[in-house]
Every structure is written in C-alpha cells, then in structure tokens.
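# Survey of secondary and tertiary structure
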Amino acid sequence: MTTHEYIAQRAKDQRFILKRPISYLEIGVLEGNSMAAVLDGDAVHQSVGIDTFGVEYGGTGKGSSIHILERFKTELHRLLIIQSDSHYVLPLLSGKFDLIYIDGDHSAEGCRQDLEDCLHLLPPRGIILVDDIDNPNHSYLLQVVESFVAKHGLEFDHHRIGPGLAEIYG
Ligand SMILES: C[S@@+](CC[C@H](N)C(=O)[O-])C[C@H]1O[C@@H](n2cnc3c(N)ncnc32)[C@H](O)[C@@H]1O
C-alpha cells in the first residue's frame, strides 16, 4: 500500500467510525496527489489544503495555487486552498479536522511547530498523520513525533509505508 492509498483509506475509516462525512486538513499540497487520493469518493465533506507553493521541500515553485484550483475545479464546493506558510495560518484556523496530514515543512522545528499548531484543530478521535518519519533525509522527524506525543500524553503508530508514516491519535 502506498502512503496516498493509506491516507485515503483512513479517511474512509474515519467516515465509517464517526458515521458522517469528515473534515480533512492537509499541510503540503504540492501538485495535489495526496489531496486527490483523499477526495476520491465521498468520505470528505470539507477539505482544506495549505501550501506556500514555493520551493521548499520539493515545492512546485509556482508561487500560486492556480494549478490546484484547475485540477480540482469540480471539487471546489468542498475544497479550500490556502496559499500561505502553515506557521502563519494554522494558529489562525478554527474548527476541527477529523484527519490531518502533515507533509509540509520537513525541518525538525517546522514539523514540531506544525504538530503543536494542529493540536487545537484535532477533535477527540481525530488523527494526525506525519509523513517521512523514516526518510533518511529527515531522520530527526521520528524523534520530533515521539517528543510531541510524550509531551501531550498521546499515542501513535509507526507505519512502515512509503518513507514512513506516523499516525497520532487524538
Ligand atoms: C513533500 S511536498 C507535499 C506532497 C504532497 N502532500 C503529496 O503527497 O502529493 C511538501 C510541500 O510542502 C510545502 N511546504 C513546505 N514548507 C511549507 C510551509 N511552511 N507552509 C506551507 N507549505 C509548505 C512545499 O511547498 C511542498 O509543496
């Protein structure tokens, strides 16, 4: 199973467990491939994607979200794209997201901050997924996740999927 397939499956699982369509937050949209996997089907009723569309961490460098709006033009009734630095916008968001996928700033401090900033958006039974925890280029990310869950008394599973995926339970 690929990372994208796993995220899409967790969206469907959450919809089944919560007995309603879910809300999804994605940090790091790039070309929209993970977003497309999650939006395939009716598990999600509201989806928010955040990306600078700059050059950091494999970014498109397009400096704009137009390619995403074009790709998902039939989904805009349930998709909001915010072109911004997650570290600026996450503290400003309100509401709750049943599934959150962190795949943006891959620095240790950036990932730690994204995790902290997502906590107020996580409802009971919500899930945070963090990508690349086994990626040798970001070998510190597993420790970032371990420190975060220990600090907040949370639990997580370490999935050996793709470049490694942490699943943190709210
Ligand atoms: C690995 S890619 C995302 C891949 C995408 N999730 C997928 O699977 O198709 C990382 C993305 O995070 C974005 N990014 C990096 N730092 C960011 C930040 N501080 N705020 C928002 N987006 C950021 C980059 O622009 C890039 O598009």
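Each remark here, short or long, concerns the structure printed above.
Overview of the structure. (Residues numbered from 1 in each chain as written. Predicted model: local features only at pLDDT ≥ 70, side-chain atom pairs only at ≥ 80, totals over all residues.)

So, about the overall build of the protein chain. Secondary structure assignment for the protein chain yields six helices and seven strands. Counted from the first residue to the last, the protein chain has its helices and strands arranged as α-β-α-β-α-β-α-β-α-β-α-β-β. The C-alpha radius of gyration computed for the protein chain amounts to 15 Å, which stays within 12% of the reference 15 Å derived for 170 residues, consistent with globular compactness. Evaluated residue by residue, the protein chain yields a buried proportion of 40% over its 170 residues. For the protein chain, long-range pairs separated by at least 24 residues make up 63% of all intrachain contacts whose partners lie at least 6 apart in sequence. (Helix = DSSP H or I, 4+ residues; strand = E, 2+ residues; numbered from the N terminus. Rg over C-alpha atoms; globule rule 2.2 N^0.38 Å. Buried ≥ 20, exposed ≤ 12 C-beta atoms within 10 Å, placed from the backbone. Contact = placed C-beta atoms within 7 Å.)

In this structure, Ala11, Ile100, Ile102, Ile128, Leu129 and Val130 are the most contacted members of the largest nonpolar core, which totals 44 residues. With sequence-adjacent residues up to four places away left out, Leu129 is seen in contact with Ile7, Tyr101, Ile102, Leu165, Ala166 and Glu167. (Core = buried A, V, L, I, M, F, W, Y, C linked by C-beta atoms within 7 Å.)

With that out of the way, let us pick up helix α6 (residues 141–152). For α6, spanning twelve residues, the distance from its first C-alpha to its last is 17 Å, which sits close to the expected 16 Å at 1.5 Å a residue. Taken together, the buried positions of α6 are occupied by Leu141, Val144, Val145 and Phe148. Along the long axis of α6, the arc covered by the buried residues comes to 95°, so they all point the same way. In this structure, α6 carries Gln143 and Ala150 as exposed residues pointing more than 90 degrees from its buried face. Residues of α6 that are buried in the fold lie against α5 (108–118), β5 (127–131), β6 (155–159) and β7 (165–169). (Expected span 1.5 Å × (residues − 1). Arc of directions from axis to C-beta.)

With that out of the way, let us pick up the site of the ligand. Around the ligand sit 23 residues in total, of which Gly28, Asn33, Ser34, Gly59 and Gly104 are the nearest. Put simply, the parts of the chain that give the shell around the ligand at least two residues each are α2 (33–39), β2 (44–51) and α4 (86–89). (Near = placed C-beta within 6 Å.)

Its location among the elements puts Ile161 in the loop between β6 and β7. The spacing of Ile161 and Asp131 is 30 residues in sequence and 9.3 Å in space, taken between C-alpha atoms. The residues touching Ile161, leaving out its near neighbours within four places in the chain, are Met1, Thr3 and Tyr6.

Burial within β5 is extensive, with five of its five residues counted as buried. Taking every second residue as pointing to the same face, both faces of β5 are buried, with Ile127, Leu129 and Asp131 on one and Ile128 and Val130 on the other. Sheet topology note: the strand β4 (residues 99–102)/β5 ladder contains four bridges and is parallel. Considered in β5, the bridge of Ile102 is made with Val130. Crossover handedness for the path β4 to α5 to β5: right-handed. (Pairing = 2+ DSSP bridges. Right-handed = clockwise from strand over helix to strand, strands pointing away.)

Along the chain, Leu154 falls in the loop between α6 and β6. Along the primary structure Leu154 and Ala11 are separated by 143 residues, whereas in three dimensions their C-alpha atoms are 20 Å apart.

With that out of the way, let us pick up the sheet that holds strand β3 (residues 79–83). Across the sheet, seven strands lie side by side as β3-β2-β1-β4-β5-β7-β6; this open sheet has mixed pairing. Strands with a single pairing partner mark the edges of an open sheet, and in this sheet they are β3 and β6. When the angles between neighbouring strand axes are averaged without regard to direction, this sheet yields 15°. Here strand β1 (residues 22–27) runs beside β4; their pairing, made up of four bridges, is parallel. (Axes fitted to C-alpha atoms, helices over the stretch in contact; angles between N-to-C directions.)

These figures come from the coordinates and say nothing about function on their own.
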